[in-house]
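What follows is each chain in one-letter form.
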Amino acid sequence: MSRAVRVRGDELETERGARAKKRSLAVDRSTSSRSPGDLAVRSSHSHPEILFAIFEPDEAQSGATQGRVCDVAESATEESSDPPSSPIYEPYIPDELAADPVVRSAFKHAMAKYEAEEDRLADLFTMDHYWHQPSSCLHTDSRFLPIRELARDAVLLAAKSVILLSSFLENQLLNKCCGLWFQRDGQRKTALVLTSAHVIRKDDIHKWKRQWTGEYHKNAKVIVHLLDNKTTQGQLIYLQEHYEFAIYEVQVDKPVHLPTFNDRVHSGQDVFRLGRDADLDIKITHGNLAYDIPSRYERCHYMYFLRDASSLKLLHDDGGPIIDLEGKVVGLVNNQINETFVPSSILHKCFDFWRRFNCMPRLHLGMTFSPIKFLDPICIERMTRKHNIDSGLIVEQVSKESHAEKIGIRKGDVIESFNGKHISTTIELESMLIDLCWDHFDQRKKLNAEKDVSVKIFDATKLCPRTRNLTAIVSDCGEDIVKGAYPIMGEEAMSVL
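Residues numbered from 1 in each chain as written. Predicted model: local features only at pLDDT ≥ 70, side-chain atom pairs only at ≥ 80, totals over all residues. Heavy atoms only, no water.

### Let's talk about the overall build of the chain
In terms of regular secondary structure, the chain is built from 9 helices and 22 strands. Across the 497 residues that make up the chain, the buried fraction comes to 48%. Considering only residue pairs separated by 6 or more positions, the chain has 66% of its internal contacts joining residues 24 or more positions apart. Surface exposure of the chain reaches about 26,200 Å², of which carbon and sulfur atoms provide 51%. (Helix = DSSP H or I, 4+ residues; strand = E, 2+ residues; numbered from the N terminus. Buried < 20%, exposed > 50% of the residue type's maximum accessible area, 1.4 Å probe, protein only. Contact = heavy atoms within 4.5 Å. Areas by Shrake-Rupley, 256 points an atom, 1.4 Å probe, with all protein chains shown as cover.)

### A word on the nonpolar core
If you look at soluble globular proteins, the nonpolar side chains tend to sit buried side by side. Counting residues in hydrophobic clusters, the biggest one holds 68 residues, and the most contacted among them are Ile247, Leu365, Phe369 and Phe418. The greatest single-element share of this core, amounting to 8 residues, is contributed by helix H8 (residues 426-442). Leaving out residues up to four positions away in the same chain, Ile247 has contacts with Phe182, Leu192, Val193, Leu194, Gln235, Leu236, Ile237, Tyr238, Phe351, Trp354 and Met360. Among the nonpolar cores identified, the runner-up in size contains 23 residues, and Leu51, Leu239, Val256 and Leu258 belong to it. (Core = buried A, V, L, I, M, F, W, Y, C linked by side-chain atoms within 4.5 Å.)

### Overview of H8
The terminal C-alpha atoms of H8 lie 25 Å apart, and with 17 residues this matches the ideal 24 Å at 1.5 Å per residue to within 8%. In terms of burial, H8 is a largely internal element, 13 of the 17 residues being buried. Positive backbone phi, approximately 65°, marks Arg444, located one or two places after H8. (Expected span 1.5 Å × (residues − 1).)

### Overview of helix H2 (residues 101-122)
Given a rise of 1.5 Å per residue, 22 residues ought to cover 32 Å, and the 31 Å separating the end C-alpha atoms of H2 matches this to within 8%. Where H2 begins, one side-chain oxygen reaches toward the backbone nitrogen of Val102, 2.9 Å away; that side chain belongs to Asp100. (Polar contact = N/O pair within 3.5 Å; in protein donor to acceptor, adjacent residues only side chain to side chain.)

### Digging into the pattern of salt bridges
Opposite charge on two side chains lets them pair, provided their charged atoms get close. Tallied over the entire structure, the rule returns 17 salt bridges. A salt bridge links Lys283 to Asp277; its shortest N-O distance comes to 3.3 Å. Note that Asp435 and Lys349 form a salt bridge whose closest N and O atoms lie 3.0 Å from each other. Taken together, the residues Asp435 in helix H8 and Lys349 in helix H5 (residues 344-357) connect sequence positions 86 residues apart. Relative accessible area serves as the criterion here: at 24%, Asp435 is assigned to the partly exposed category. On the accessibility criterion, Lys349 (17% relative accessible area) is buried. A single network of salt bridges, built from pairs that share partners, joins Glu56, Arg264, Glu326 and Lys328. (Salt bridge = Lys/Arg side-chain N within 4 Å of Asp/Glu carboxyl O.)

### Overview of the packing of aromatic side chains
Two descriptors summarise a pair of aromatic rings, namely the distance from one centre to the other and the angle between the planes of the rings. Enumeration over the complete set of coordinates arrives at 14 aromatic pairs. Ring geometry for Phe55 against Phe261: centres 4.4 Å apart, planes inclined by 15°, an arrangement best described as stacked. Taken together, the positions of Phe55 in strand E2 (residues 54-56) and Phe261 in strand E9 (residues 260-262) put the pair 206 residues apart, joining distant regions of the chain. The two residues Phe55 and Phe261 agree in class, both being buried. (Phe/Tyr/Trp six-rings, centres within 6.5 Å; stacked < 30°, edge-to-face > 60°.)

### Here we look at the side chain of Ser475
Among the secondary structure elements, Ser475 is positioned in strand E22 (residues 464-475). A polar side-chain atom of Ser475 sits 3.0 Å from the main-chain amide nitrogen of Cys477. Among residues more than four places away in sequence, those in contact with Ser475 are Met360, Pro361, Arg362, His364, Leu447 and Asn448.

### Here we look at the confidence of the model for the chain
Considering every residue of the chain, the mean pLDDT works out to 81; 78% of them sit at 70 or more. Across the chain, strand E6 (residues 221-225) holds the top mean pLDDT of 97, while helix H1 (residues 17-21) sits lowest at 41. Taken as a whole, residues 1-46 scores under 50 in pLDDT and shows 96 contacts with residues more than four places along the chain or in a different chain. Segment residues 60-76 is flagged for pLDDT under 50; beyond a separation of four residues in sequence, or across chains, it makes 30 contacts in the model. (pLDDT = per-residue confidence, 0-100.)

In structure tokens, the structure reads:
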């Protein structure tokens, strides 16, 4: 049975089987072109105080309290020796003195003092629940009664890791996003924040639906809003444009709470999406997880958050977590417009790679896909009945002049397997594209190199199978799919008219 552990330094325990155990740990990080500088993965001997977030593999069967490691400093506040404050009593006039003008005057004065004290008490942090609006869904929605206590504990646990970030260009606000602590270096008194890359993306949010990779401002000033209302500046350590997240390093003078990530998710699962507003109040949105068919400009690794119809769409919760009912992170919100997120299983693989090689590569295939598995059952039955095709990935787009196009892969074809392995969802595909990079880097090969993949294709036009070698690119940049288009000019234009 797999075991989730807190990792110190290079002692990263991931259940990769016998094949992973053979991988050499000798990596020359000094020659890496993508090295995040002084932050490169440190050994437990020289930096024993480095702590990473926990990642629970998909096969883990942990209890509700397993892995809830919280780095919490004991309160340093000294107990007060001051005498307790006087109790507050409401004044009143006895019936027999109701007509006495002196008593009535004294009462008016006493009542004013009483009301002033009541106003003071109303401002106490423990009393704001009487007037604070809006309330969260967990407090007001009776549908959550069966899980209210469980969900409340989950939210309060996960909220310890959720912070707010603001970015600025030339002192002008660029964006706001949430983030998660995921590493703490006690010796250097630094911590790493995982957030959405949109924190430094300038494009209008409505353009995000019509672009593969946006414009990122790596030099933007990013301020991290800590939960004690202090702020500190973040330093960009790594930007992953394809998965749309960024890592920032910040100086911290006290321990931070590191979350537990859970790779196990299933369609329809009850989850909560967390964010923070400008006052650092936690924002809670209930929804369900869903696999779906990506639309154009949506990445293959996306999963979808189906928000309750009664819930308001939250802005500025990009980079916030999707949590399960145990308070474990199952994904990172990467686009609040489309309400998509990166599942923890992909984040897990990315961080495994980054800790060792200081980059997060994947294979660029030059195609996008729709899983047959998520089609309407009527369509699946028809394909099975007529063509004996009941699984695989339907090719939706082929990038212009890509190798996939050159070897004859076309829109509508079905990819049945990669390197002999059958893939039924785009999440499985994305996981495989990362895994195939391990051998590439174990052989000391570099980014932006080529790697061949054997692809079994069902030609939807000729109705026949074939196998081809597809040359993919190993890259940690965002993959753009170029639409095939050509201009109509000269005689061609006349013939069209």
